[in-house]
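Architecture at a glance
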Amino acid sequence: MTHTLHVTPLGDLVDHDTSTTDADCVCGPEVRPAAHDDGSIGWLLVHYSLDGREQAEG
Ligand SMILES: [Zn+2]
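Residues numbered from 1 in each chain as written. Predicted model: local features only at pLDDT ≥ 70, side-chain atom pairs only at ≥ 80, totals over all residues. Heavy atoms only, no water.

Right, let's talk about the side chain of His6 for a bit. Note that His6 resides in strand E1 (residues 4-7). Engagement of the side chain of His6 in a polar contact is seen with the backbone oxygen of Thr20, the distance being 2.8 Å. Within the structure, the side chain of His6 is placed 2.9 Å from the side chain of His47, a separation counted as a polar contact. Once residues lying within four places of it in the same chain are set aside, the contact partners of His6 are Asp17, Thr18, Thr20, Leu45 and His47. (Helix = DSSP H or I, 4+ residues; strand = E, 2+ residues; numbered from the N terminus. Polar contact = N/O pair within 3.5 Å; in protein donor to acceptor, adjacent residues only side chain to side chain. Contact = heavy atoms within 4.5 Å.)

All right, on to the pairing of strand E2 (residues 30-35) then. In terms of strand pairing, E2 meets strand E3 (residues 41-46) through 6 bridges, oriented antiparallel. Opposite Arg32, over in E3, you have Leu44 as the bridge partner. Where E2 folds back onto E3 in an antiparallel hairpin, the turn is made up of 5 residues, including Gly39, whose phi is positive at roughly 95 degrees. (Pairing = 2+ DSSP bridges.)

With that out of the way, let us pick up the sheet that holds E3. The strand order E1-E3-E2 describes an open sheet built from 3 strands, whose pairing is mixed. Lying at the two open borders of the sheet, with one neighbouring strand each, are E1 and E2. This sheet shows a mean twist of 30 degrees between the axes of neighbouring strands, independent of strand direction. (Axes fitted to C-alpha atoms, helices over the stretch in contact; angles between N-to-C directions.)

Take a look at the structure:
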């Protein structure tokens, strides 16, 4: 069984979508394989902070 762990920037201005195991958040998270201590493989979704960076118009 695999599990997905989301890593989101604290206090970011945008709402990150952590309700899915897909990397379809607005910030375009990076997907990394993550090996756990028990030998299982999970996925790490690393979200990017969007505050202070390029802002979408509107
Ligand atoms: Zn995100």
